[in-house]
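Structural overview for review
Residue strings, one per chain:
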Amino acid sequence: CRFERGSLEAIKLPKIVSLINSSTKSVAFHNGTLLQFDREVDYVSSPVSDASDRFYYTDGVKPKKSSMSLWPATRSVAIKAPANPITVGGANLSGDTIVASVSYYYTYVTEWGEESAPSPPTAEFDIYDTYDVDLSGMSTGGFSDQAITKKRIYRLTTGTSTAEYQYVDEIPASNSTYRDTKVTTSLGEVCQTEKWIGPPDNMKGIIYMGVGIVTGK
């Protein structure tokens, strides 16, 4: 019996919540579910609250991510950038009046909205008379475990002191072509992932630091 509260209380018997597999080296509770790993791991729940219910872990082989709807399948935390540059064509690569000097690249976007670093950029070239450029050659496969669903296209624009790649459009991952007819003033935000790199495969530590930041070593 328990006596802490001044009355007799029965001590509850233990209850089996889950059986641990003989091959399990680490466990973690994720929203009430016991996760079992066959390696020693560090685990964190996603610092971003959304419907995907993601979590991340490192095992010294490759940083991985998953969710309760995906588990025990996993995906790599690092998102590979597109390897193929865009091929540029169209009728406006020659003419009477140069309207802009531009370059293009594109990024991958996962079903969870994560964006990769960009592909190699095209060479800078002039377009004439109107904004009308045919883009092709964008990768449509080889995504492995990345769950790539979309691609984002960016175009180089030149200001008074800087030149930056701005958002043109988002297309399905299965599309390899796009016709750009947008004037500069209709372009969107500057690409945020230009210098992003994924974590090293041998990273063996991950911890939540607060304010949405996760760090590893």
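These numbers were taken from a predicted model, which means no experiment stands behind them. (Residues numbered from 1 in each chain as written. Predicted model: local features only at pLDDT ≥ 70, side-chain atom pairs only at ≥ 80, totals over all residues. Heavy atoms only, no water.)

Our next topic: the packing of aromatic side chains. In total, this model carries 11 aromatic pairs according to the counting rule given. Between the aromatic rings of Y105 and Y165, the centroid separation amounts to 3.9 Å while the plane-to-plane angle is 20°, which identifies the pairing as stacked. Placement of Y105 in strand β9 (residues 104–110) and of Y165 in strand β13 (residues 163–172) is noted, with a sequence separation of 60 residues between them. We note that Y105, like Y165, is buried. Of the aromatic side chains, those joined through ring pairs into one cluster are F37, Y43, F55, Y57 and W71. When the ring centre of W112 is taken as origin, the NZ or CZ atom of R75, which lies over that ring, is 5.0 Å away. (Phe/Tyr/Trp six-rings, centres within 6.5 Å; stacked < 30°, edge-to-face > 60°. Helix = DSSP H or I, 4+ residues; strand = E, 2+ residues; numbered from the N terminus. Buried < 20%, exposed > 50% of the residue type's maximum accessible area, 1.4 Å probe, protein only. Lys NZ or Arg CZ within 6 Å of the ring centre and 35° of its normal.)

Here we take up the environment of K65. Here K65 shows up in strand β5 (residues 64–67). A relative accessible area of 2% means that K65 is categorised as buried. Residues in contact with K65, not counting those within four places in the same chain, are F55, Y56, T74, R75, S76, V77, I79, W112 and E114. A distance of 2.8 Å separates polar atoms of two side chains, one belonging to K65 and the other to E114. (Contact = heavy atoms within 4.5 Å. Polar contact = N/O pair within 3.5 Å; in protein donor to acceptor, adjacent residues only side chain to side chain.)

Attention shifts here to the pairing of strand β15 (residues 206–210). Pairing of β15 with strand β16 (residues 213–216), which is carried by four bridges, proceeds in the antiparallel orientation. From the neighbouring strand, G210 faces β16, where its bridge partner is I213. (Pairing = 2+ DSSP bridges.)

Once that is clear, we can look at the nonpolar core. Residues I86, Y104, I127, L135, M138, I153 and Y178 are the most contacted members of the largest nonpolar core, which totals 21 residues. Taken together, the elements giving at least two residues each to this core come down to β8 (98–102), β9, β10 (125–128), β11 (133–136), β12 (148–158) and β13. It is β9 that provides the largest number of residues to this core, a total of three residues. Those residues in contact with M138, other than ones at most four positions away along the chain, are I86, Y106, K151, I153, I171, N175, S176, T177 and Y178. Formed by six residues, the second largest nonpolar core is a distinct cluster that contains F37, V41, F55 and Y57. (Core = buried A, V, L, I, M, F, W, Y, C linked by side-chain atoms within 4.5 Å.)

What follows deals with the pattern of salt bridges. Counted by the stated rule, this structure contains 12 salt bridges. In this structure, R179 and D132 form a salt bridge, with 3.5 Å as the shortest nitrogen-oxygen distance. Taken together, the residues span a long stretch of sequence, with R179 in strand β14 (residues 178–180) and D132 in the loop between β10 and β11 at a distance of 47 residues. Residue classification places D132 among the partly exposed residues on the basis of a relative accessible area of 23%. One salt bridge in this structure joins R155 and D180, with 2.7 Å as the shortest N-O distance. (Salt bridge = Lys/Arg side-chain N within 4 Å of Asp/Glu carboxyl O.)

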